[in-house]
Amino acid sequence: MQKMRNWRKIIVGCMSIMMVASMLTGCSNSAETKNKGKGSGDVPVIQVVMPSGANTDNTPAVQDAINEILAEKIGARINITWLGWGAYSNQMNLMLTGEDEADVVMLAGYPISTLVNNGVLLDITDYYESDKEAFTNYVDPVYIDSERVNGKVYVVPNNNNFSSEACVMVNRKMADDLGLDLSDEEKIWTLDEIHDMAAMAVKKYPDIYGIVPQNGSLLLTGYTWDTMADPKSLGVVEDYGNTGKVVSITDCKDFIDFATTMREWYKGGLIMQDCLSNTEAWSGLVTTGKAFCAFNNGGYPNGTFNEESTYYTLSLMQNCSFSTSRMTYAIVGNTKHPDVAFQVLKELYTNADVANLLAWGMEGTNYVLDEEGRAENPDGITDQNNTYTVGSINAWVLPNMQITYDDDATISGFYKALKEYDNNANISGTLGCVFDSTPVSDEYAACSNVIDKYLASIMCGAVDTQETLAVFKKELQAAGEDKIIAEKQRQLDEFLANK
Amino acid sequence: MNMKKMKYATVILHLALIILCFICIVPFLLIVVSSFTDETTLMINGYSFFPEKLSTYAYTYILGGGGVKVLHGYVVSIGVTLIGTATSIILTILFAYPLSRRDLPLRNIFAFFVFFTMLFNGGLVPSYMMWTKVFHIKNTFGALLVPNLLLNAFYIIMMRTYFTTTIPTELLEAVKIDGGSEVTTLSKVIIPLAKPMISTLAFMIGLGYWNDWMNGLYYVTDSKYFSVQNILNRMLSDVQFLSSAAATQSGISSVTSNLPTTGVRMSVAVIGLLPILMAYPFFQKYLVKGIMIGGVKG
Amino acid sequence: MPHKKNKWRRYIPLYMMMLPGTIYLIINNYIPMGGLVLAFKKFNYSLGMIKSPWNGLSNFKFLFIGADAWKMIRNTLGYNFVFIVLGTTLAIIVAILLNEVAGRKARKLYQTIILVPYLISTVIVSYIVYAFLSQDNGFINHTLLRGENAISWYTSPKYWPFILTFVQLWKSFGYSSIIYFATIIGIDPTYYEAASIDGAGKLKQVVSITLPCLKPTIITLTLLSIGRVFYSDFGLFYQIPMGAGTLLDVTQTIDTYVYRALLVSNDVGRAAAAGFLQSLLGFILVYGANLMVNKIDKENALF
């Protein structure tokens, strides 16, 4: 009898533990049924996953408003998930392995061809071909085609700037104090001119950095060579991608020249001596006056900055449409509703009402329009306490920011200027040829480590250029760089032959 | 003579320990001071223990805009830590006690079963698939509580060792002769005797829950369930991502002006650490007492 | 026969107690181990884990290409060896010192303070290290050296084996010395009294009483660390040196290599392969070591 009672006690104990456990998992079930309940009535719910660094607390209201439009128009609803930038790659990788977690996703920093090879993405060629205008009305088809893999469409690029340039961002106040005239926006500046300015600045302000890296330890992420969208620069095509020949970065003339110059600058104390362990972005250092200037890469149409901008942008080259890894939208391969997902993607891209909701949130609460039709914070609301700031913080994560209202921080017609800028760009000879590293992935893995070891330090001049280049080259070859370059060349040749 | 020598030795002993403590505490003080140092001063004068100009900018940055979020994060963290620690300690005791019984058949197999989990793991992707597809824990409170943290092999081994070495077999036998069942043995005899060890492990488990940001990173996208470490870690990892080459390649970095600065990162550390340091003396009372008798295999 | 049945029944409550934990370990630890098959597969997201095609051993190949392969293995094993030896020694010394402190309050204060580094997360530690070593405004260069002969820490690999060892010891010695300290306290004081009467000095007492009593703890902790000797603390080797490329020769370990190699491709199969190899080699080592312990000193074997 006694034993029986103990038994019962144990069972009760175990049961209570399991109850705690099921209570915890129970939360999820109820949350899920709630979600499903919302999308009931056979309306498919498409999971849209996007990264953002903005405040997105008001997303439920925005989502409801969007769903009202979508339910009527295409008979679908969406469920938006925002991922913080720091968590983005971790969570996106995991969500792609799951089912029902993501249908329409924004991809940033992913090599598309690798994703295609791993079966992550849905082939949307047929959808795209049958509905081409929806996208080509906004984006030059050259850029959509440039993201094709094996001739098929898997992604559509965000409608941002498609060309970029290497440039120098200079602290406005310091430049003015030094009496420098930097107002000529058409001018292409030489490195010597930059050197003289930086030297003046360091002399006048001994406590600041002259030149800081663009980001982290990398002084400049791209210049006149084209990497074929390879983030590790294993094999580059010189002269804006127009030589048709893939060479090692260690043989790239512009790279060597740049590095040699930077070595001189570094020794002269113009470049942040700590740049290899730097973890701050240029913007944090230049705009706050901790540094005089920084190299940068980006799309900078002339005359679009407001008066109160804290820095000048000095072009180092004509902007060029490189073959680079862009931010794109894609549909996940294991989606249950491919048709609807594509319809949703199309709406996000073309429907200005949806796009404005996605960018600016609820009118009145999150934004109001000024007399020029630009979105601004309502009275008493700041970027800090606004519950939805995607548009003002990073409108460029959206599929098509160019159909949304202008930001009151830029001039009206900013997006037009951006298009103009792209139209005047050089076109890289490799545009549309995206390197797929899968056939040489072992060598690629090994060489990636060598690149991490030397590229940043050579570029910022922290080590002896010639000496380190020789070691760099030797180690790259030991890790199988020749094989990667041969493969890259093969892919480029094939691409050029089909062009 | 001997007295003098003893005194001499005592001085050296304390001197050695004071130097050691100094080495431990000084870097921490440097973070605290830097978090209150004016950014420009930090730039120009470098890191220093006696900055010329103080500033609370870093704290107003964190608590000003996202103050409510940090506060909410504290609530989530405290909830997870309390519930998690309680559940975990119960599971640990229930597993360790039978394992400590030398007469238990298959005892070694179970011991190996536990130890093996310390060596091999299947990796993140399979765990993620299982927890999200089978157990649907994504974006729930359970996501912060259940994966990985609920039961730890190391703690089971410590607990078992404590039981085997401190609880005399004769005592167990005496209870049995009195007609006590295993449950009464555990609740009336073992647990009271093991109080110091339980509080020790509770502290370590609690620390694990408090400091954990991985579960939040992998299983939570809904800000409702962000713990304070998640919020702080996101601030830091946002910076790291945005300064990585991947970000610049896709042009993300072009608009990143309001990234947390050095001072903010330092204050992030202080805000995450403070509650532990405050709770520590409370646990510390039992901590050493607990391990004292438990050891690992004492 | 009835006797035996009776015996089993007696243990049923004990097994029932272990049931929840067993279920949890099976779910949390053992089921995902099935994912280790990914090490031998070419993982395809749309096909999933089971249907993805087999890939032989080719997922392991990337670990052994290039000049860095042996460096990272050397670093991983070398650092772990140093950490085990120095870490254990330091922890025992501190534990013995703590034991000699007479005042309870002072002792408690020391114990609290030496645990502080253990509580600070690695990312934050990396900022602390940076605060000390930064070339332009670091504490050492700026305040101690006053800008003269400033050392460029983050470009000089020769300092880093010492820096990393120091940081690792700094961060972990408090925790392990408290464990040893606890064991020392548990030693029967009559041993020391007897030794004292025999005229043994402090040092002699440590050698002949304290150390032998610590042996089981040392063995268990060392066996546990041997099992993880092919792993490294990612934060220590990646974040503390701020990922600086010039330091890679002395900071690259298997874990940081895998991270860098797979960052772009996000290759699940290769990551699983690396983890599998690290676990397997560690398992073989710890199994061998445990076998040896079993032969010499059966009482202290792990299993």
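Residues numbered from 1 in each chain as written. Chains lettered and ligands numbered in written order. Predicted model: local features only at pLDDT ≥ 70, side-chain atom pairs only at ≥ 80, totals over all residues. Heavy atoms only, no water.

Chemist: I keep staring at the overall build of chain A and nothing clicks. Help me out?
Modeler: The helix and strand tally for chain A stands at 19 helices and 16 strands. Against the globule reference of 23 Å for 499 residues, chain A gives a C-alpha radius of gyration of 26 Å, in line with a compact fold. Accessible surface computed for chain A: about 18,900 Å², of which carbon and sulfur atoms make up 51%. Positive and negative side-chain charges in chain A, numbering 36 and 68 respectively, have mean positions lying 9 Å apart. (Helix = DSSP H or I, 4+ residues; strand = E, 2+ residues; numbered from the N terminus. Rg over C-alpha atoms; globule rule 2.2 N^0.38 Å. Areas by Shrake-Rupley, 256 points an atom, 1.4 Å probe, with all protein chains shown as cover. Lys, Arg positive; Asp, Glu negative; His and termini not counted. Charge placed at Lys NZ, Arg CZ, Asp CG, Glu CD.)

Chemist: Would you mind showing me how to read helix 11 (residues 253-267) of chain A here?
Modeler: Since the α-helix turns once every 3.6 residues, residues separated by three or four places project in the same direction. All names here are of chain A. Between its first and last C-alpha atoms helix 11 spans 21 Å; for 15 residues at 1.5 Å apiece the expected length is 21 Å, and the two agree. Of the positions making up helix 11, those classed as buried are F255, F258, A259, M262, R263, W265 and Y266. For helix 11, the buried positions fall inside an angular range of 165° around the axis, keeping them on one side. Pointing more than 90 degrees away from the buried face of helix 11 are the exposed residues K253 and K267. The inward-facing, buried residues of helix 11 contact helix 9 (191-204), strand 6 (209-212), strand 9 (291-298), helix 17 (441-459) and helix 18 (465-478). (Expected span 1.5 Å × (residues − 1). Buried < 20%, exposed > 50% of the residue type's maximum accessible area, 1.4 Å probe, protein only. Arc of directions from axis to C-beta. Contact = heavy atoms within 4.5 Å.)

Chemist: How should the confidence of the model for chain C be read in this particular structure?
Modeler: Fine structural detail should not be taken from predicted coordinates in areas where pLDDT scores are low. Residue-level pLDDT values for chain C average 86, and 97% of them are 70 or greater. The complex prediction reports pTM at 0.84, with the ipTM value standing at 0.83. (pLDDT = per-residue confidence, 0-100.)

Chemist: How do you make sense of the domain arrangement of chain A when you look at a structure like this?
Modeler: How big an interface is tends to be reported as the loss of accessible area on association of its parts. Split by domain assignment, chain A resolves into domain 1 (37-161 + 325-425) and domain 2 (220-270 + 437-499). Centre-to-centre, using C-alpha coordinates, domain 1 of chain A lies 33 Å away from domain 2 of chain A. (Domains from an automatic or database assignment.)

Chemist: I would appreciate a short explanation of the environment of S48(B) in the present structure.
Modeler: Residue and element names in this part refer to chain B. In this fold, S48 is placed in the loop between helix 2 (39-45) and helix 3 (57-100). The class for S48 is buried, based on a relative accessible area of 19%. With eleven residues separating them in the primary sequence, S48 and T37 have C-alpha atoms 8.9 Å apart. A polar contact of 2.9 Å, which involves the side chain of S48, links it to the backbone nitrogen of F50. (Polar contact = N/O pair within 3.5 Å; in protein donor to acceptor, adjacent residues only side chain to side chain.)

Chemist: It is not clear to me how the side chain of N59(C) should be interpreted in this structure. Could you clarify?
Modeler: All names here are of chain C. As for its placement among the helices and strands, N59 is situated in the loop between helix 2 (48-51) and helix 3 (68-100). Since its relative accessible area comes to 3%, N59 is described here as buried. A polar contact is formed between the side chain of N59 and the backbone oxygen of L38, at a distance of 3.4 Å. With near-sequence residues (within four places) excluded, N59 lies in contact with L38, A39, F40, K41, G269, R270 and A273.

Chemist: Which parts of the structure should I look at to understand the interface of chain C and chain A?
Modeler: The interface is formed by 40 residues belonging to chain C together with 43 residues belonging to chain A. Contact between chain C and chain A buries roughly 3,600 Å² in total, counting both sides, with carbon and sulfur atoms accounting for 59%. Run the count over chain C and chain A and you get four salt bridges. Across the pair R270(C) and D442(A) runs a salt bridge whose closest N-O atoms are separated by 3.0 Å. When residues of the side of chain C that touches chain A are traced back to their parent elements, those giving at least two are helix 1 (2-33), helix 3, helix 5 (122-133), helix 11 (248-251) and helix 12 (254-262) of chain C. A total of five residues in the side of chain C that touches chain A trace back to one element, the largest contributor, which is helix 1 of chain C. A class-by-class count of the residues in the side of chain C that touches chain A yields 18 nonpolar, 14 polar and eight charged. (Buried area = accessible area lost by both parts, 1.4 Å probe. Salt bridge = Lys/Arg side-chain N within 4 Å of Asp/Glu carboxyl O. Nonpolar A, V, L, I, M, F, W, Y, C, P; charged D, E, K, R; others polar.)

Chemist: When you look at the packing of aromatic side chains in this model, what are you seeing that I'm missing?
Modeler: For any pair of aromatic rings, the description consists of the separation of the ring centres together with the inter-plane angle of the planes. For the coordinates displayed, the defined rule picks out 53 aromatic pairs over all chains. Between W131(B) and F135(B) the ring centres are 5.1 Å apart and the planes differ by 50°, which places this aromatic pair in the tilted class. You can call W131(B) buried: its relative accessible area is 4%. Given the relative accessible area of 25%, F135(B) is considered partly exposed. Geometrically, the ring pair formed by Y154(C) and W160(C) is tilted, given 5.3 Å between the ring centres and 50° between the ring planes. Note on Y154(C): relative accessible area 3%, which makes it buried. (Phe/Tyr/Trp six-rings, centres within 6.5 Å; stacked < 30°, edge-to-face > 60°.)

Chemist: Explanation requested: the environment of L13(B) in the structure shown.
Modeler: Among the secondary structure elements, L13(B) is positioned in helix 1 (residues 2-35). The buried category is assigned to L13(B), whose relative accessible area is 10%. Taking C-alpha positions, L13(B) is 38 Å from T262(B), a pair spaced 249 residues apart along the chain. Not counting chain neighbours up to four residues away, the residues in contact with L13(B) comprise L97(C), E100(C) and V101(C).

Chemist: Just checking my understanding: could you explain a negative patch on the surface for this structure?
Modeler: Judged by side-chain charge, D181(A), D184(A), E185(A) and E186(A) come together as a negatively charged surface patch. Tracing the backbone shows D184(A) in the loop between helix 8 (172-177) and helix 9. (Patch = residues over 30% accessible without salt bridge, like charges linked within 9 Å, V, L, I, M, F, W, Y side chains within 5 Å.)

Chemist: Help me understand the pattern of salt bridges, please; the structure alone is not making it clear to me.
Modeler: Once the charged atoms of two side chains with opposite charge are near each other, the side chains can pair. For the structure shown, the criterion picks out 29 salt bridges over all chains. The residue K132(A) makes a salt bridge to E129(A) at a minimum N-O spacing of 3.4 Å. Overall, the relative accessible area of 36% leaves E129(A) in the partly exposed class. One salt bridge connects E182(B) with R101(B), and the closest N-O pair in it is separated by 2.8 Å. Here the residue E182(B) occupies a position in helix 9 (residues 182-193), and R101(B) occupies one in the loop between helix 3 and helix 4 (107-119), the gap between them amounting to 81 residues. Judged by relative accessible area, which is 10%, E182(B) ranks as buried. Residue R101(B) is classed as buried on the basis of its relative accessible area, which comes to 5%. Within the structure, one salt-bridge network assembled from shared partners comprises E129(A), K132(A), D145(A) and R148(A).

Chemist: Even after reading the chapter, I still don't get the side chain of S88(B), so can you show me in this structure?
Modeler: All names here are of chain B. Structurally, S88 is set in helix 3. Take S88: its relative accessible area is 2%, and that puts it in the buried class. A distance of 2.8 Å separates a polar atom in the side chain of S88 from the backbone oxygen of L150. S88 has contacts with L149, L150, L151, I205 and Y209, leaving out every residue within four places of it along the chain.

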